[in-house]
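# Geometric and topological summary
If you want the building blocks of each chain, they are given just below.
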Amino acid sequence: MILLDGAKVANERNLMLKDMIDKDLVKYHRAPSLSIILVGENPASQSYVKGKGKACKLVGINHQLYNLKDDVTEEELSNLIEKLNQDESVDGILLQLPIPKHLNEAKLIDLISKDKDADGFHVINQGYLYQKKPTIYPATPKGIMTLLKAYDIDVSGMDAVIIGRSNIVGFPIARLLMDAGATITVCHRQTKDLAYHTKNADILIASAGRAELVTKDMVKPGAIVVDVGVNRVDGKLVGDVHFEGVSEVASYLSPVPRGVGPMTINALMENTYELYLKHVQK
Ligand code: NAD
């Protein structure tokens with residue numbers, strides 16, 4: 001089994017990005033800038049935001065963190081987003097999800113200017129993605145595609161099975177894999193017999209958020225397995241794939257942690273850089 005080492009690939013790409021940003025700093029007289037909005041004190045979200053801030057520092061992106069109280073009103077949050085939309089020194093805006101239930105997530109995401117949508121979640125950017133037009137791609141699916149490419153994995157003609165159909169992972173990765181020539185099956189909570197589908201997968205993407213849902217007997221020998229899940233079990237991070245068992249049958253397997261997570265952050269850095277170029281070159 002070959003390990004899909006997201007930490008290594010992401011680090012290499014971040015260093016290349018740093019070089020490009022260093023050069024652009026001389027050319028455009030300012031660094032890219034990302035504003036991160038965190039609502040409340042969810043420890044997982046705090047840790048993701050910390051990781052994103054650390055990556056910004058590494059590649060040379062200025063970042064500002066707005067940590068709002070979890071009882072912030074929708075109006076207050078909307079006002080902040082509007083202010084950042086207007087601020088010409090801000091290239092990217094990221095609203096760390098999930099946000100508390102009293103806030104309308106879809107509405108707030110779409111309030112972020114589509115030209116500052118570092119996460120690629122805006123309805124217009126998702127529309128471009130589904131129409132196969134160039135756009136800012138959601139960070140996790142983009143990171144997965146980059147990881148596959150780094151290992152010269154060509155999915156054309158493969159049967160791809162995706163577990164999960166969310167707007168931020170399952171659905172867009174299905175689209176990107178289909179565009180790359182794979183035949184797609186998307187499984188979800190209502191899927192009758194999950195193993196029936198997964199056993200047919202040449203490439204399996206596990207993004208259900210269920211610790212060790214995918215076991216060895218559910219995987220076709222030689223399959224490529226990408227584990228997106230991040231679950232906390234007894235204080236430890238565990239993926240959606242039973243790593244030990246599945247590593248005996250898979251040809252490639254991404255670990256948790258150090259697999260898709262760092263690739264997602266790298267994709268976010270690359271998205272912010274893309275937005276920055278659009279702003280400084282206009
Ligand atoms: P979500 O809860 O929005 O979606 C989960 C999907 O999985 C749903 O479509 C649901 O129908 C499906 N599902 C749940 N249980 C299932 C089961 N038993 N069988 C089949 N399908 C099932 O979650 P999400 O935001 O898409 O995230 C999925 C996982 O990926 C989570 O663990 C999340 O933490 C992780 N994640 C990781 C990264 C990263 O960078 N590594 C980024 C985003 C999300």
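Please refer to the structure higher up on the page.
So, here is what we can say about the structure in this document. Just so it is clear, the structure is predicted and the values come from calculations on it, not from any experiment. (Residues numbered from 1 in each chain as written. Predicted model: local features only at pLDDT ≥ 70, side-chain atom pairs only at ≥ 80, totals over all residues. Heavy atoms only, no water.)

## Structural notes on the pattern of salt bridges
Applying the stated criterion across every chain yields a total of 10 salt bridges. A salt bridge links K142 to E274; the shortest N-O distance between them is 3.4 Å. Taken together, the positions of K142 in helix α6 (residues 139–150) and E274 in helix α10 (residues 260–280) put the pair 132 residues apart, joining distant regions of the chain. Close ionic contact of E248 with K216 constitutes a salt bridge, the shortest N to O distance being 2.7 Å. Of this pair, E248 sits in the loop between α9 (243–246) and β11 (252–253) while K216 sits in the loop between β7 (203–206) and β8 (224–227); the two residues are 32 residues apart in sequence, bridging distant segments of the chain. What makes E248 exposed here is its relative accessible area of 56%. Owing to a relative accessible area of 37%, K216 belongs among the partly exposed residues under this scheme. (Salt bridge = Lys/Arg side-chain N within 4 Å of Asp/Glu carboxyl O. Helix = DSSP H or I, 4+ residues; strand = E, 2+ residues; numbered from the N terminus. Buried < 20%, exposed > 50% of the residue type's maximum accessible area, 1.4 Å probe, protein only.)

## Some points on the packing of aromatic side chains
Tallied over the entire structure, the rule returns 4 aromatic pairs. Centroid distance Y151 to Y252: 6.4 Å. Interplanar angle 75°. Geometry classified as edge-to-face. Here Y151 is found in the loop between α6 and β5 (159–163), whereas its partner Y252 is found in strand β11, with 101 residues between them in sequence. The class of Y252 is buried, set by a relative accessible area of 18%. Clustering of aromatic rings is evident, with ring pairs tying together Y28, Y273 and Y276. (Phe/Tyr/Trp six-rings, centres within 6.5 Å; stacked < 30°, edge-to-face > 60°.)

## Some remarks on unusual backbone geometry
Cis geometry is adopted by the peptide bond preceding P98, which originates at L97 and carries an omega value of 0°. Between V256 and P257 the backbone carries a cis peptide bond, its omega angle lying at 0°. Looking at the element boundaries, P257 is found in the loop between β11 and α10. Backbone geometry places D234, a non-glycine residue, at a positive phi of 50°. Summarising the element assignment, D234 is placed in the loop between β9 (231–233) and β10 (236–238).

## Focus: helix α7 (residues 170–179)
Counting buried positions along α7 gives 7 out of 10 residues, so the element sits mostly inside the fold. All of the buried residues along α7 are G170, P172, I173, A174, R175, L176 and L177. On its buried face, α7 sits against α5 (123–130), α6, β5, β6 (183–187) and β7. Of the residues trailing α7, G181 is marked for its positive phi of about 100°. (Contact = heavy atoms within 4.5 Å.)

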